[in-house]
Amino acid sequence: MKIMILNGPNLNLLGERDSNTYGSDTLSDIEKLVRDSFQEVDFIFIQSNHEGDLVDAIHSARGGTVNAIVANWGGYTHSSVAIHDALELLKIPKVEVHLSNIHAREEFRERSITGKAMNGIITGFGKNSYLLGVEAALKLAADN
Ligand code: CA2
């Protein structure tokens, strides 16, 4: 089972300063947590601050090479039609995750453009959102 985990802009700075919103873990801490929690899964873990790189990564998951994707699109969640459109062309399970609860914050975070092209969204459970996202992806891939 191969799962691609994609992380969008600014998530490379997680943990630089302890944040009430995002916690104190770095993205590397979260990657280790995920890998240690699902040792049977082959993960591709990617972070990029560039929209086109994320679109390319989605394209690279086509053709049966990857069984599911779990993604935190960061700020692109609320703005990226390009990522949305790339996702619509990818016919494998897709789970969106957020550390914070995007519905309990500023109004502009309420809308997830990318989420419309995902199977579902897990939002507000801190680093556990990633673990729950992988659980959901595994269940969806098993039914696929
Ligand atoms: O809650 C999430 O996971 C978000 O996807 C995080 C994004 C935000 O734009 C989304 O609305 C919700 C922002 C990531 C910013 O990462 C930071 C890292 C270090 C310090 C401050 C922010």
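Conventions and cut-offs
- Residues numbered from 1 in each chain as written.
- Predicted model: local features only at pLDDT ≥ 70, side-chain atom pairs only at ≥ 80, totals over all residues.
- Heavy atoms only, no water.
- 1 Å grid on protein atoms, 1.4 Å probe; cavity = no way out; pocket = protein on both sides within 12 Å on 5 of 7 lines; lining within 4 Å.
- Points joined across faces, edges and corners; volume = space filled by probe spheres on them.
- Phe/Tyr/Trp six-rings, centres within 6.5 Å; stacked < 30°, edge-to-face > 60°.
- Buried < 20%, exposed > 50% of the residue type's maximum accessible area, 1.4 Å probe, protein only.
- Near = heavy atom within 4 Å.
- Polar contact = N/O pair within 3.5 Å; in protein donor to acceptor, adjacent residues only side chain to side chain.
- Areas by Shrake-Rupley, 256 points an atom, 1.4 Å probe, with all protein chains shown as cover.
- Nonpolar A, V, L, I, M, F, W, Y, C, P; charged D, E, K, R; others polar.
- Pairing = 2+ DSSP bridges.
- Helix = DSSP H or I, 4+ residues; strand = E, 2+ residues; numbered from the N terminus.
- Axes fitted to C-alpha atoms, helices over the stretch in contact; angles between N-to-C directions.
- Contact = heavy atoms within 4.5 Å.
- Parallel < 35°, antiparallel > 145°, perpendicular 65-115°, else oblique.
- Left-handed = near helix turned anticlockwise from the far one by under 90°.
- Right-handed = clockwise from strand over helix to strand, strands pointing away.

1. Focus on the layout of surface pockets
Here is step 1 of the chain: The computed volume of the largest pocket comes to approximately 460 Å³.
Here is step 2 of the chain: Around the largest pocket, the lining comprises 23 residues; the ones closest to its centre are Pro9, Asn10, Leu11, Leu14 and Tyr22.

2. Some details on the packing of aromatic side chains
Here is step 1 of the chain: Inspection of every chain in the model, using the stated rule, returns one aromatic pair.
Here is step 2 of the chain: Aromatic side chains Phe38 and Phe43 sit 6.5 Å apart centroid to centroid with 70 degrees between the ring planes, which places their arrangement in the edge-to-face category. There is no split in this pair, since Phe38 and Phe43 are both buried.

3. Digging into the site of the ligand
Here is step 1 of the chain: Among the 14 residues in the neighbourhood of the ligand, the closest are listed as Asn72, His78, Leu99, Ser100 and Arg109.
Here is step 2 of the chain: The contact in question runs from an oxygen atom of the ligand to an N or O atom on the backbone of Gly75, over 3.4 Å.
Here is step 3 of the chain: One of the side-chain N or O atoms of His98 is found 2.9 Å from an oxygen atom in the ligand.
Here is step 4 of the chain: In isolation the ligand offers 510 Å² of accessible surface; the protein chains occlude 83% of this area.
Here is step 5 of the chain: In the shell around the ligand, the residues fall into six nonpolar, seven polar and one charged.

4. Points about the sheet that holds strand S1 (residues 2–7)
Here is step 1 of the chain: Taking strand neighbours across the sheet as the criterion, the five strands line up as S2-S1-S3-S4-S5 in an open arrangement whose pairing is parallel. Of all strands in the sheet, those bounded by a partner on one side alone are strand S2 (42–47) and strand S5 (120–123). Strand-to-strand twist across the sheet, computed as the mean angle between neighbouring axes with direction ignored, equals 20 degrees.
Here is step 2 of the chain: Bridge analysis of S1 against strand S3 (residues 68–72) gives five bridges, and the strand direction is parallel. Pairing of Met4 across the sheet is with Ile69, part of S3.
Here is step 3 of the chain: Each of S1 and S2 touches helix H1 (residues 27–37); the most contacted strand, S2, lies at about 165 degrees to it.

5. Thoughts on the packing of H1 against helix H4 (residues 128–143)
Two measures define how a pair of helices packs: the angle their axes make with one another and the distance between the axes.
Here is step 1 of the chain: Contact pair H1 / H4: the axes reach a minimum separation of 10 Å and the direction vectors enclose 40 degrees. By the angle class used here, H1 and H4 are oblique. Seen along the crossing, H1 lies across H4 with a hand that is right-handed. Judged by residue contacts, Leu27, Ile30, Leu33, Val34 and Ser37 of H1 engage Tyr130, Leu131 and Val134 from H4.
Here is step 2 of the chain: Per-class residue counts for the contact of H1 with H4 are seven nonpolar, one polar and no charged.

6. Details of the pairing of strand S4 (residues 94–98)
Here is step 1 of the chain: Judged by how many residues are buried, S4 sits mostly within the fold: five of five residues are covered.
Here is step 2 of the chain: The alternating pattern of S4 places Lys94, Glu96 and His98 and Val95 and Val97 on opposite faces, both of which are buried.
Here is step 3 of the chain: With three bridges joining them, S3 and S4 adopt parallel strand pairing. By the bridge assignment, Val70 is partnered in S4 with Val95.
Here is step 4 of the chain: In this fold, the crossover linking S3 to S4 by way of helix H3 (residues 81–88) has right-handed handedness.
Here is step 5 of the chain: Where S4 and S5 come together, four bridges link them in parallel fashion. In the sheet register, Glu96 faces S5, and the bridge partner there is Ile121.

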